[in-house]
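Coordinate analysis (summary)
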Amino acid sequence: NAGVTQTPKFRILKIGQSMTLQCTQDMNHNYMYWYRQDPGMGLKLIYYSVGAGITDKGEVPNGYNVSRSTTEDFPLRLELAAPSQTSVYFCASRTGTENTEAFFGQGTRLTVV
Amino acid sequence: QKEVEQNSGPLSVPEGAIASLNCTYSDRGSQSFFWYRQYSGKSPELIMFIYSNGDKEDGRFTAQLNKASQYVSLLIRDSQPSDSATYLCAVNWYGNKLVFGAGTILRVKS
């Protein structure tokens, strides 16, 4: 059972480039989340989804886009990368009830230069 | 106003002592609360969750929830050097929006 899988693990982007961070879960979870974690800080919610076809903004959505065409996949798109987007990105998922654990992927370390 | 607040620390305690970590939240409608532990360079992992007022114990860990005062705390008894990590408080908001605090760094000195 793979759980939550994120790719790539590391990436260096140049300013203005675009990329997609991939997130896949095999636990049939309805809820999926994208967070960013800056050095020495907590997790800030970027976007989340409560099911296929449904997404909503979190605390820091500017500069990002998401889609949820299947239950398993929740990709995060960065358009026109900026140095301020240098961070570690975590994807998480959990079942459709509020008292359940969120399982995290291993994270993607992104550097924009 | 921040939605979930934690003292960033670091909180230093000697080995064998009790570590007390606190978290306050702004939304009175929040129903469930989580404590995650994160080691440096790793992903967060769940320690405990709590949704009823009062205490919940699991081994050396006790979570305490006071909805009237809007705070949740985590007590770690008999702290060990392996408990040194960042502890993240998370609150479940309307529509299952899961929001985290900034985390508290705990250092257990042997």
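What counts and how
- Residues numbered from 1 in each chain as written.
- Chains lettered and ligands numbered in written order.
- Predicted model: local features only at pLDDT ≥ 70, side-chain atom pairs only at ≥ 80, totals over all residues.
- Heavy atoms only, no water.
- Helix = DSSP H or I, 4+ residues; strand = E, 2+ residues; numbered from the N terminus.
- Buried < 20%, exposed > 50% of the residue type's maximum accessible area, 1.4 Å probe, protein only.
- Contact = heavy atoms within 4.5 Å.
- Areas by Shrake-Rupley, 256 points an atom, 1.4 Å probe, with all protein chains shown as cover.
- Lys, Arg positive; Asp, Glu negative; His and termini not counted.
- Charge placed at Lys NZ, Arg CZ, Asp CG, Glu CD.
- Pairing = 2+ DSSP bridges.
- Axes fitted to C-alpha atoms, helices over the stretch in contact; angles between N-to-C directions.

The next point concerns the overall build of chain A. A count of helical and extended segments in chain A gives 0 helices and 11 strands. Secondary structure elements in chain A, listed N-terminal to C-terminal, are β-β-β-β-β-β-β-β-β-β-β. Along the longest, intermediate and shortest principal axes, the C-alpha atoms of chain A span 40 × 25 × 25 Å. Counting only residues that meet the buried cut, chain A has 45% of its 113 residues in that class. Of the contacts formed within chain A by residues at least 6 apart in sequence, a portion of 54% connects residues at least 24 apart. Carbon together with sulfur atoms contributes 51% to the accessible area of chain A, which is approximately 5,300 Å² in total. One way to put it: in chain A the 10 positive side-chain charges average out to a point 11 Å from where the 9 negative ones average out.

In the segment running from T7 of chain A into P8 of chain A, the intervening peptide bond is cis, with an omega of -5°. Omega for the bond connecting G9 of chain B with P10 of chain B falls within 30 degrees of zero, at 10°, which places this linkage in the cis form. Counting through the fold element by element, P10 of chain B comes out in the loop between strand 1 (4–6) and strand 2 (11–14). In the Ramachandran plot, L80 of chain A falls in the positive-phi region, its phi being about 50° despite a non-glycine side chain. Note on placement: L80 of chain A falls in the loop between strand 8 (76–78) and strand 9 (87–94). We classify L80 of chain A as exposed; its relative accessible area is 64%. Of note in this structure, Q70 of chain B is not a glycine but carries a positive phi near 60°.

What follows concerns the sheet that holds strand 8 (residues 71–76) of chain B. Paired through their backbone hydrogen bonds, the strands of a sheet run either parallel or antiparallel. Residues and elements named next belong to chain B. Ordered in space as 1-3-8-7-6, the 5 strands form an open sheet in which the pairing is antiparallel. Edge positions in the sheet fall to strand 1 and strand 6 (54–58), since each has one partner strand and no second. Neighbour-to-neighbour, the strand axes of this sheet turn through a mean angle of 20°, independent of strand direction.

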